[in-house]
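Remarks on the overall topology
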Amino acid sequence: MRTLVVTPTYLEAENITEFLTKLRAAVPDADVLVVDDNSPDGTGDLAEQAAKELGQIEVMHRPGKSGLGVAYRAGFAWGLERDYQVLVQIDADLSHDPAVLPTLLSALDDGADLVIGSRYVPGGSVPHWPMHRRALSRYGNWYTSLALRTGVKDATAGFRAYRAEMLRKVRYDTTRAVGYGFQIELAYRVWRAGGRIVEVPITFTDRTRGQSKMSARIAAEELLLVTWWGIRDRFRRHGQAVPEPR
Ligand SMILES: Nc1nc2c(ncn2[C@@H]2O[C@H](COP(=O)(O)OP(=O)(O)OP(=O)(O)O)[C@@H](O)[C@H]2O)c(=O)[nH]1
Ligand SMILES: [Mg+2]
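Because the structure is a prediction, the values reported are computed rather than measured. (Residues numbered from 1 in each chain as written. Chains lettered and ligands numbered in written order. Predicted model: local features only at pLDDT ≥ 70, side-chain atom pairs only at ≥ 80, totals over all residues. Heavy atoms only, no water.)

**Description of the packing of aromatic side chains**
- Taken as a whole and judged by the stated rule, the model has ten aromatic pairs.
- Consider the rings of Tyr139 and Trp142, whose centres lie 5.6 Å apart with planes at 35°: the pair is tilted. Residue Tyr139 and its partner Trp142 are both found in helix H5 (residues 131-148); the two are separated by three residues, about one turn of the helix.
- Classification of Trp142 as partly exposed rests on a relative accessible area of 48%. (Phe/Tyr/Trp six-rings, centres within 6.5 Å; stacked < 30°, edge-to-face > 60°. Helix = DSSP H or I, 4+ residues; strand = E, 2+ residues; numbered from the N terminus. Buried < 20%, exposed > 50% of the residue type's maximum accessible area, 1.4 Å probe, protein only.)

Below, the structure written as structure tokens:
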């Protein structure tokens, strides 16, 4: 299946070259789209340079930092216009090991609509996370599963593979989360549409270089959206209608 790996970047100059080199080695047949929000540390230029050396890599330069959800919507639109059959999400900070990507893709091949690289299924782990990040992620996922009841253990995970037709079906373009809530929103829509979601265990490596973009504002957006969807959809369940945009 024709595969496009979309990776959003903001201030990843210290990681992008190593990341793209590892990614190219892990999935030689896949094309790659880096979506850079005009990172002031030159991430976009480094990505262009790596693209020349490694091949099959495009760089989308966006005017400024506008959030993870916005970057992914733009990247997915680019890929779907070009008729890729599979779209992959992966962080550029080496937290997600590109070597695991073939495992995600083979689960998709076996019939899943969405495969999530999951920290919270047996075999998955987050070895070096500080207590507060661990607590935030655990609590966020616990709250999400309580409010939305999708059964997904790691709904905020950013290492994923989607069938393109499923992204179209759930109208990915009408999702509204600006930040990381985008991950929850899309998983929820796939579940609502009756899609098959498979979680594959991964080891999530805490970033060793560069700075985090996680913020209280992003967490608050997630919390608010999840609460809203939970209330709005109290009586609607799995496999019933694709949710409306709001
Ligand atoms: N284009 C774009 N990329 C972003 C934005 N925010 C984050 N990213 C990228 O999205 C990926 C995930 O962001 P991270 O900052 O690593 O988020 P995180 O993994 O929750 O936080 P860390 O613990 O610091 O790694 C990375 O590749 C970032 O560079 C944004 O506003 N625009
Ligand atoms: Mg990260």
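**Digging into unusual backbone geometry**
- Of note in this structure, Asn38 is not a glycine but carries a positive phi near 55°.
- By the secondary structure assignment, Asn38 is in the loop between strand E2 (31-36) and helix H2 (43-54).
- The phi torsion at Gln56 lies on the positive side, around 55°, for a residue other than glycine.
- Topologically, Gln56 is positioned in the loop between H2 and strand E3 (57-61).
- Classification of Gln56 by relative accessible area gives partly exposed; the value is 40%.

**Details of the side chain of Thr43**
- Positionally, Thr43 belongs in helix H2.
- In this structure the side chain of Thr43 is engaged in a polar contact, spanning 2.6 Å, whose partner is the side chain of Asp41.
- Apart from residues no more than four positions distant in its own chain, Thr43 is found in contact with Thr9, Leu11, Glu12, Ala13, Ile16 and Asp36. (Polar contact = N/O pair within 3.5 Å; in protein donor to acceptor, adjacent residues only side chain to side chain. Contact = heavy atoms within 4.5 Å.)

**Notes on the site of ligand 1**
- Inspection of the region around ligand 1 gives 18 residues, with Glu12, Asp37, Lys65, Asp93 and Ser212 positioned closest.
- Asp93 has a polar side-chain atom sitting 2.7 Å from an oxygen atom of ligand 1.
- Within the side chain of Arg207, one N or O atom sits 2.8 Å away from an oxygen atom of ligand 1.
- Calculation on ligand 1 without its partners gives an accessible area of 630 Å², and the protein chains cover 96% of this total.
- The set of elements that each furnish at least two residues to the shell around ligand 1 consists of strand E1 (3-9) and helix H3 (68-81).
- Residues belonging to the shell around ligand 1 are distributed by class as follows: seven nonpolar, three polar and eight charged. (Near = heavy atom within 4 Å. Areas by Shrake-Rupley, 256 points an atom, 1.4 Å probe, with all protein chains shown as cover. Nonpolar A, V, L, I, M, F, W, Y, C, P; charged D, E, K, R; others polar.)

**Re the pairing of strand E4 (residues 86-89)**
- A two-sided burial pattern is seen for E4, the buried positions comprising Val86 and Val88 on one face and Leu87 and Gln89 on the other.
- Judged from the four bridges that link them, E1 and E4 form a sheet pairing that is parallel. What sits directly across from Val6, in E4, is Gln89. (Pairing = 2+ DSSP bridges.)

**A look at the sheet that holds strand E6 (residues 160-163)**
- In space, the seven strands of this open sheet follow the order E3-E2-E1-E4-E6-E5-E7, with mixed pairing throughout. With partners counted over all chains shown, the strands left at the sheet margins are E3 and strand E7 (197-201), one partner each. Sheet twist, expressed as the mean angle between neighbouring strand axes with direction ignored, is 20°.
- Bridging between strand E5 (residues 114-118) and E6 involves three bridges; their strand directions are antiparallel. When the bridges of E6 are listed, Leu114 appears paired with Tyr162.
- Lying over the sheet, H3 contacts E1, E2, E3, E4 and E6, oriented at roughly 155° with respect to E1.
- Here helix H7 (residues 181-192) sits on the sheet and contacts E4, E5, E6 and E7; the angle it forms with E6, its principal contact strand, is near 40°. (Axes fitted to C-alpha atoms, helices over the stretch in contact; angles between N-to-C directions.)

**Section: the pattern of salt bridges**
- Applying the stated rule across the entire model yields 13 salt bridges.
- When the shortest N-O distance is used, the salt bridge between Arg82 and Glu81 registers 3.5 Å.
- On the basis of relative accessible area, Arg82 is assigned to the partly exposed category, the value being 36%.
- Between Arg207 and Asp93 there is a salt bridge, and its shortest N-O distance comes to 3.3 Å. Separated by 114 residues along the polypeptide, Arg207 in the loop between E7 and helix H8 (216-232) and Asp93 in the loop between E4 and helix H4 (101-109) bring together distant segments of the chain.
- Judged by its relative accessible area of 18%, Arg207 falls in the buried class. (Salt bridge = Lys/Arg side-chain N within 4 Å of Asp/Glu carboxyl O.)

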